[in-house]
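# Overview (structure and organization)
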Amino acid sequence: MGLDYGNATVGIALSDEMFLTAQPLETIFRKKSNQLRHTYQRIEELIKEYDVTELVVGLPKNMNDTIGPQAMLCIDFANDLERRTGIKPVMWDERLTSFEAENILNEAGLDYRKKAKVVDKVAAAIILKGYLEERAAKKIN
């Protein structure tokens, strides 16, 4: 499961059982950035429903490869997920994934309102895809 954590949303993507592809699944919306109870509950439901064994959380590093305030929030989120689920998340460099997701949705011709509803789960799929590609490359080498 790939997760794109943001201030008001968490985009979620899933891989297939063979870990070859990543598909956008859903976006969890919340009214306040610090109200995560429902978010954690929904992720836990999805973990059970889809028998998830790995979590990949996007880490929004700065372009100079440093960890800023948003990345620290993502690390805290990942640590909370581990405490709640027992699954140690992999932190994955997500620089420019939201930009890439926006480009994909622009090419698809989606208007602003439709893009806002799906951009986070598309970004989660891009994060997960990057992880899966590296995972596959390591198994080959």
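All figures in this text were calculated on a predicted structure; none of them were measured in a lab.

The next point concerns the sheet that holds strand E1 (residues 2-5). The strand order across the open sheet formed by five strands is E3-E2-E1-E4-E5, and the pairing between neighbours is mixed. With partners counted over all chains shown, the strands left at the sheet margins are strand E3 (22-29) and strand E5 (90-93), one partner each. For this sheet the average axis-to-axis angle between neighbouring strands, irrespective of direction, equals 30°. Pairing geometry for strand E2 (residues 9-15) and E3, over seven bridges, is antiparallel. Paired with Gly11 across the bridge in E3 is Thr27. Relative to the sheet, helix H1 (residues 37-49) contacts E1, E2 and E3, its axis offset from that of E3 by approximately 150°. Against the sheet, helix H2 (residues 69-85) touches E1, E2, strand E4 (56-59) and E5, its axis set at about 165° to E4.

Taken as a whole and assessed by the stated rule, the structure comprises nine salt bridges. When the shortest N-O distance is used, the salt bridge between Arg42 and Glu26 registers 2.8 Å. Here Arg42 is found in helix H1, whereas its partner Glu26 is found in strand E3, with 16 residues between them in sequence. Relative accessible area serves as the criterion here: at 19%, Glu26 is assigned to the buried category. Close ionic contact of Lys129 with Glu133 constitutes a salt bridge, the shortest N to O distance being 3.3 Å. Within this pair, Lys129 and its partner Glu133 are both found in helix H4 (residues 112-140), separated by four residues, close to a single helical turn. One connected set of salt bridges, linked through shared partners, spans Glu26, Arg42 and Glu45.

It is worth spelling out H2 at this point. Since there are 3.6 residues in each turn of an α-helix, residues three or four apart along the chain are aligned in direction. Taking 1.5 Å as the rise per residue, H2 with 17 residues should run 24 Å; its terminal C-alpha atoms sit 24 Å apart, in good agreement. Among the residues making up H2, those that are buried are Ala71, Cys74, Phe77, Ala78 and Leu81. The buried side chains of H2 occupy one side of the element, clustering within an arc of 115° when seen end-on. Facing away from the buried side of H2, by more than 90 degrees, are the exposed residues Pro69 and Arg83. Elements that come into contact with the buried residues of H2 comprise E1, E2, H1, E4 and E5. One or two positions beyond H2, positive phi appears at Gly86, with a value near 80°.

For the rest of this paragraph, the subject is the packing of aromatic side chains. Evaluated as defined, the whole model comprises three aromatic pairs. Ring centres of Tyr5 and Phe77 lie 4.4 Å apart, and the angle between their planes is 25°; this geometry places the pair in the stacked category. Of this pair, Tyr5 sits in strand E1 while Phe77 sits in helix H2; the two residues are 72 residues apart in sequence, bridging distant segments of the chain. Residues Tyr5 and Phe77 agree in their burial class; the two are buried. Measuring from ring centre to ring centre gives 5.6 Å for Tyr40 and Phe77, while their planes differ by 15°; the resulting arrangement is stacked. Pair noted here: Tyr40 is in helix H1 and Phe77 is in helix H2, with a separation of 37 residues, a long-range link. Residue Tyr40 is classed as buried on the basis of its relative accessible area of 6%. Put simply, the rings of Tyr5, Tyr40 and Phe77 touch in pairs and so form one group of aromatic residues. Stacked on the ring of Phe19, the Lys or Arg Arg135 has its end atom at 4.0 Å from the ring centre.

Cut-offs and rules
- Residues numbered from 1 in each chain as written.
- Predicted model: local features only at pLDDT ≥ 70, side-chain atom pairs only at ≥ 80, totals over all residues.
- Heavy atoms only, no water.
- Pairing = 2+ DSSP bridges.
- Helix = DSSP H or I, 4+ residues; strand = E, 2+ residues; numbered from the N terminus.
- Axes fitted to C-alpha atoms, helices over the stretch in contact; angles between N-to-C directions.
- Contact = heavy atoms within 4.5 Å.
- Salt bridge = Lys/Arg side-chain N within 4 Å of Asp/Glu carboxyl O.
- Buried < 20%, exposed > 50% of the residue type's maximum accessible area, 1.4 Å probe, protein only.
- Expected span 1.5 Å × (residues − 1).
- Arc of directions from axis to C-beta.
- Phe/Tyr/Trp six-rings, centres within 6.5 Å; stacked < 30°, edge-to-face > 60°.
- Lys NZ or Arg CZ within 6 Å of the ring centre and 35° of its normal.

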